[in-house]
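# Report on the structure
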Amino acid sequence: MYPDRDNPWRVLAVSPTESFSLNLTDFRDNALLKLQVGGPFVSGMVDLTNEEYILIQVEQTEEAGPRRRREKTVIYNWTIPLHSERSDQVITTKTFQIDPIVVTVQAFLQDDSIVPLSMTHQSLYVTAERQVVIAAVILGGVYVLIIFEIVHRTLAAMLGSLAALAALAMIGDRPSLSTVVEWIDYETLALLFGMMILVAIFSETGFFDYCAVKAYQLSRGKVWPMIIILCLIAAILSAFLDNVTTMMLFTPVTIRLCEVLNLDPRHVLIAEVIFTNIGGAATAVGDPPNVIIVSNQDLRKSGIDFASFTGYMFLGICLVLLTSFPFLRLLYWNKKLYNKESSEIVELRHEIRVWRQTAQRISPASREETAVKCLLMQKVLNLESVLRKQLKTFQRQISQEDKNWENNIQELHKKNRITDRVLLVKCLSVLGVVIFMFFLNSFVPSIHLELGWIAIFGALWLLVLADIQDFEIILHRVEWATLLFFAALFVLMEALAQLQLIDYIGVQTALLIKAVPEEQRLAMAIILVMWVSALASSLIDNIPFTATMIPVLINLSQDADVNLPIKPLIFALAMGACLGGNGTLIGASANVVCAGIAEQHGYGFSFMEFFRLGFPMMLMTCTVGMCYLLATIIGLGWTL
C-alpha cells in the first residue's frame with residue numbers, strides 16, 4: 001500500500017547574488033514537510049558570526065478564515081554553516097510543521113563564489129508528537145516480548161524492527177531496502193563474527209579449562225575472592241579493549257571455572273559483565289559513547305580531548321568501582337551461588353542438555369544423518385536413566401566451600417589440561433597481535449583499520465594457521481542468533497530515531513533545563529542529563545542516543561539565555577550513557593554477547609535475571625557518578 005520513498009534530488013547552485021526559490025503548493029493536507037539538503041557543510045553547532053553559511057527560509061502562508069481577516073505569513077529560518085575547504089558533502093535534515101509553503105535558499109559568503117547544493121523534500125502524514133507515541137509503543141512492545149520471554153529476544157528485535165518500518169511507511173517515510181541495510185553497523189557485526197571464530201578455535205586447545213583449574217587453585221576454594229579478582233580484571237581490560245572482546249574471552253573461562261567449583265555460572269557472568277561496562281567508562285576508548293564524544297570536532301574545540309576526558313572519567317570510575325564491590329556483595333548476600341546438587345549430577349544434567357541440543361540441530365537430510373540423530377537421542381535417554389538413579393541415591397548437601405580442594409587439584413589437572421600445545425601457540429600469537437592492533441587503532445591515528453577489520457583478519461589468519469579441516473564445526477559455534485539480534489537492533493533503533501523518539505528525549509531534556517532558575521541551573525542540568533542518559537541507555541542503544549544528544553547539548557550551551565558550560569554536560573552524558581548499559585539485558589552490547597555465549601553452553605540467563613542484579617547496580621553506580629560530578633564541578637569548582 002505504501003511504496004518506497006523515491007524522492008529525486010534537485011541539484012542547484014547559490015551565490016551571494018543569486019538565490020533559489022521553490023514553491024510547494026501540494027502540501028495542504030499533510031502534517032509535516034521534511035527537507036534534506038546536501039552540500040559542503042560542517043557538522044554540529046558553531047558560532048556563525050564570522051563564518052560562511054547557507055540560509056534556508058521556509059515561508060508558510062496561513063489563508064484568511066472566519067477568525068482571521070488577512071493572510072498570515074510565518075517564516076522559519078534554517079542556518080547551515082559551510083565548511084572552509086568545501087570538500088565533503090554532508091546531508092542534513094530538518095522537519096517543518098507547515099501548510100502551503102515557499103522554500104528559499106540563500107548563500108552568505110565572503111566572496112562571489114558559487115556553492116553547489118542538492119535538495120529533496122517529502123511530505124509526512126503524521127505529526128511529530130504522534131510519531132513519538134508510535135515509537136514508544138513499538139519499543140514497549142519489544143520489551144514486553146523480551147521480559148516475559150514470549151519469543152526469543154532475536155525474534156522480538158526482528159518483529160520490533162518490522163513494526164517500526166511499517167510505522168515509517170504509514171507516515172509516508174518508508175525507506176528502501178538498500179537504505180535499511182545501510183542502517184546496520186557492519187563494523188560491530190564484523191568484530192563479533194571475527195572474535196567468535198577466534199574463541200571457537202581457541203576452545204579446541206583446552207586453554208579455557210586449564211585457566212579455570214589455575215584460578216580454582218589460586219582461590220583455594222574461596223568463591224568471593226575469585227569473583228572479585230575476575231570482575232576487577234574484566235573492568236581493567238574493558239578500559240582499554242572493547243567490552244565485547246573482553247566478555248568473549250572471559251565468558252568461556254568463567255563457565256568452565258564455575259563448573260569446576262560447582263557454581264551456577266549465571267550470577268558470576270552477570271557480575272563480570274556489569275563490571276565490564278563500568279570499566280569501559282573509564283577511558284576515551286573503553287566504550288563507544290566515549291569514542292563518539294572524543295571524536296566530535298566541535299567538542300575538541302571546546303577542550304575535550306583524549307587526555308582531559310580520560311583523566312576526569314578515570315578518577316570518577318575508580319570511585320564507582322570502590323563502592324561497587326561492597327554493593328555487589330550486598331546484592332549477592334542471599335544468593336545461592338553453589339548448586340544444591342553434587343557436581344556429578346550438575347555435570348550430568350549439563351551433558352544431557354548439550355547432547356539434546358546437538359541432536360536437535362541435525363536436520364536429517366540423508367539416511368546416515370537420521371541414524372546419527374537417533375543414536376544421539378538414545379544417548380540422551382540413557383543419560384537420563386543414569387541421572388534418575390543418581391538422584392535417588394543423592395543424600396548429601398554441598399558445602400559453601402570445597403573443603404577438599406587440595407585433594408581435587410590432581411584429578412582436575414588430569415581432566416582439564418592443554419590438549420593441543422601447537423594450536424595453543426598459534427592461537428596465542430594471533431590473539432596477541434589482534435589485541436595489540438586494537439590498542440594501536442585506539443592510540444595511533446595513522447592506523448586505518450577499524451576493529452571489525454582487525455578481528456576479521458585475525459580470524460582468517462588463525463583459520464589458515466590452524467588448518468581446520470571441518471570448517472562447518474567452527475561455523476556451528478558462531479552465535480548467529482546474537483549477530484541477527486544486533487542487526488535487527490540497529491534497524492530498530494535507527495527506525496525509532498527516524499520516528500523522532502530520540503530527538504524528542506533530547507528536546508524535552510533541554511526544555512527542563514531551561515525551566516530551572518539560573519543559580520541552580522548547572523547542578524540541575526548535570527542531574528537531568530546524567531539520569532536521562534542512564535535511563536534512556538538502559539532502554540535504547542546508547543550509541544545513537546549519544547550521537548543525538550551531543551548537538552542538543554552544544555546548542556544548549558551556546559544559548560545566551562541558558563549560559564551553561566559544555567564540559568560538565570558532556571561528562572554527565574558520558575557517565576550516564578556508559579553506566580546506564582547495566583540497567584537491562586539489551587542496554588549494552590557486552591550484555592547480549594555474554595548471554596548468547598552462555599546460552600550456547602547451556603547456561604543462558606533471562607531478561608529478569610539480569611534486571612534484578614543489573615538495575616540496582618545501575619542506580620547505585622549512577623548515584624555515585626552523579627555525586628562525583630556535583631562534588632567536583634559544583635562543590636570544588638573544577639573548570640575541567
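A quick note: this is a predicted structure, and the numbers were derived from the prediction, not measured.

## Focus on the overall build of the protein chain
Broken down by element type, the protein chain carries 24 helices and eight strands. Whereas a compact globule of 640 residues would reach a radius of gyration of roughly 26 Å, the protein chain reaches 28 Å, a difference of no more than 12%. Overall, the protein chain is about 95 × 65 × 50 Å in size when its C-alpha atoms are taken along their principal axes. Within the span of the protein chain, comprising 640 residues, buried residues form 49% of the whole.

## Concerning the pattern of salt bridges
Opposite charge on two side chains makes pairing possible when the charged atoms of those side chains draw close. Taken as a whole and assessed by the stated rule, the structure comprises five salt bridges. Linking Arg 153 and Glu 599 is a salt bridge whose minimum nitrogen-to-oxygen distance equals 3.3 Å. With Arg 153 in helix α2 (residues 153-170) and Glu 599 in helix α23 (residues 589-600), this residue pair connects regions lying 446 residues apart in the sequence.

## What to know about the packing of aromatic side chains
Each aromatic ring pair is characterised by the separation of its centres together with the angle its planes make. Tallying each qualifying case throughout the model produces 17 aromatic pairs. With 6.4 Å between their ring centres and 20° between their planes, Phe 605 and Phe 610 make a pair best called stacked. In terms of burial, Phe 605 and Phe 610 fall into one category: buried. Connected via pairs of aromatic rings, a cluster forms that spans Tyr 143, Phe 607, Phe 611 and Phe 615.

## Some words on the side chain of Gln 500
By the secondary structure assignment, Gln 500 is in the loop between α18 (480-498) and α19 (501-514). Gln 500 sits in the buried class, given a relative accessible area of 17%. Ignoring any residue separated from it by four or fewer positions in sequence, one finds Gln 500 in contact with Leu 32, Thr 95, Ala 128, Gln 131 and Val 132.

## Notes on the sheet that holds strand β6 (residues 90-96)
Read across the open sheet, the four strands follow the order β1-β8-β3-β6; overall the sheet is antiparallel. Either end of the sheet is taken by a strand with one partner, and the two such strands are β1 (10-14) and β6. Geometrically, the sheet is characterised by an average inter-axis angle of 30° between neighbouring strands, direction not taken into account. For strand β3 (residues 32-39) and strand β8 (residues 115-124), the ladder comprises seven bridges, and the chain directions are antiparallel.

## So, the packing of helix α8 (residues 265-280) against α23
At a closest axis distance of 10 Å, the pairing of α8 and α23 adopts a crossing angle of 155°. Classed by the angle they form, the pair α8 and α23 counts as roughly antiparallel. Where α8 crosses over α23, the handedness of that crossing is right-handed. Touching Leu 269, Val 273 and Asn 277 of α8 are Ala 590, Asn 591, Cys 594 and Ala 598, all from α23.

## Structural notes on unusual backbone geometry
Its identity as a non-glycine residue notwithstanding, Glu 149 has a phi of 55°, on the positive side. With respect to the element layout, Glu 149 can be found in the loop between α1 (128-147) and α2. Phi at Asp 467 is positive, roughly 55°, even though this residue is not glycine. The topology assignment puts Asp 467 in the loop between α16 (451-466) and α17 (471-476).

## Describing α18
Along an α-helix, residues three or four positions apart point the same way, because every turn accommodates 3.6 residues. The end-to-end C-alpha distance of α18, which contains 19 residues, comes to 27 Å, matching closely the 27 Å that a straight helix rising 1.5 Å per residue would cover. The buried fraction of α18 is high, at 14 of 19 residues. Note on α18: the residue one or two positions beyond its end, Gln 500, has a positive phi of about 70°.

## Considering the side chain of Ser 238
If you trace the backbone, Ser 238 turns up in helix α6 (residues 223-238). The buried category is assigned to Ser 238, whose relative accessible area is 0%. At a separation of 2.8 Å, a polar atom in the side chain of Ser 238 contacts the main-chain carbonyl oxygen of Ala 234.

## Remarks on the environment of Ile 527
Summarising the element assignment, Ile 527 is placed in helix α20 (residues 521-539). A sequence separation of 383 residues divides Ile 527 from Val 144, and the C-alpha atoms of the two residues are 29 Å apart. Other than its neighbours up to four places away in sequence, Ile 527 contacts Met 626 and Leu 630.

## Topic: the nonpolar core
Proteins that are soluble and globular tend to have nonpolar side chains buried together. By size, the foremost hydrophobic cluster in this structure holds 165 residues, and its most contacted members are Leu 192, Met 195, Ile 201, Met 248, Phe 275, Phe 309 and Phe 605. Among the elements that make up this core, the one with the highest residue count is α18 (13 residues). If sequence neighbours within four positions are ignored, Phe 275 has contacts with Cys 231, Ala 235, Leu 321, Ser 324, Phe 325 and Leu 328. If you look at the next biggest cluster of nonpolar residues, it comprises 24 residues, including Val 14, Leu 82, Ile 101 and Val 105.

## Here we look at the environment of Ala 590
Relative to the assigned elements, Ala 590 resides in helix α23. Classification of Ala 590 as buried rests on a relative accessible area of 2%. Sequence-wise, Ala 590 and Met 158 are 432 residues apart; in three dimensions their C-alpha atoms are separated by 19 Å. Ala 590 has contacts with Asn 243, Val 244, Met 247, Val 273 and Asn 277, leaving out every residue within four places of it along the chain.

## Things to note about α20
Here α20 spans 27 Å end to end across 19 residues, near enough to the 27 Å set by a 1.5 Å rise per residue. Among the structural elements, α1, α19, α21 (542-558), α22 (566-579) and α24 (607-635) are those in contact with the buried residues of α20.

## Quick word on a nonpolar patch on the surface
Residues Leu 232, Ile 236, Phe 240, Phe 306 and Phe 443 make up a contiguous nonpolar surface patch of roughly 430 Å² in combined accessible area. Mapping Ile 236 onto the fold places it in helix α6.

## A closer look at the confidence of the model for the protein chain
Overall, the predicted model of the protein chain reaches an average pLDDT of 84, with 90% of residues at or above 70. Taking the mean pLDDT of every element in the protein chain, the minimum, 64, falls on helix α14 (residues 405-415) and the maximum, 95, on α2. Note on residues 395-402: pLDDT under 50 across the span, and 16 contacts to partners over four residues away in sequence or across chains.

## A word on the state of the cysteines
Summed over the entire model, instances satisfying the criterion amount to zero disulfides. Free of any disulfide, Cys 258 has its nearest cysteine sulfur in Cys 231, 11 Å distant. The cysteine Cys 578 is free of any disulfide, with Cys 622 supplying the nearest cysteine sulfur at 10 Å.

## Topic: the packing of α21 against α22
Running from N to C, α21 and α22 point in directions that differ by 165°, and their axes come no closer than 10 Å. Judged on the interaxial angle alone, α22 and α21 are roughly antiparallel. Once α21 is placed against α22, the crossing between them reads as right-handed. Only Ile 566, Leu 569, Ile 570, Leu 573 and Ala 577 of α22 make contact with α21, whose side of the interface consists of Asn 542, Phe 545, Thr 546, Met 549, Ile 550, Leu 553, Ile 554, Leu 556 and Ser 557.

Conventions we followed
Residues numbered from 1 in each chain as written. Predicted model: local features only at pLDDT ≥ 70, side-chain atom pairs only at ≥ 80, totals over all residues. Heavy atoms only, no water. Helix = DSSP H or I, 4+ residues; strand = E, 2+ residues; numbered from the N terminus. Rg over C-alpha atoms; globule rule 2.2 N^0.38 Å. Buried < 20%, exposed > 50% of the residue type's maximum accessible area, 1.4 Å probe, protein only. Salt bridge = Lys/Arg side-chain N within 4 Å of Asp/Glu carboxyl O. Phe/Tyr/Trp six-rings, centres within 6.5 Å; stacked < 30°, edge-to-face > 60°. Contact = heavy atoms within 4.5 Å. Pairing = 2+ DSSP bridges. Axes fitted to C-alpha atoms, helices over the stretch in contact; angles between N-to-C directions. Parallel < 35°, antiparallel > 145°, perpendicular 65-115°, else oblique. Left-handed = near helix turned anticlockwise from the far one by under 90°. Expected span 1.5 Å × (residues − 1). Polar contact = N/O pair within 3.5 Å; in protein donor to acceptor, adjacent residues only side chain to side chain. Core = buried A, V, L, I, M, F, W, Y, C linked by side-chain atoms within 4.5 Å. Patch = residues over 30% accessible without salt bridge, like charges linked within 9 Å, V, L, I, M, F, W, Y side chains within 5 Å. Areas by Shrake-Rupley, 256 points an atom, 1.4 Å probe, with all protein chains shown as cover. pLDDT = per-residue confidence, 0-100. Disulfide = S-S within 2.5 Å.

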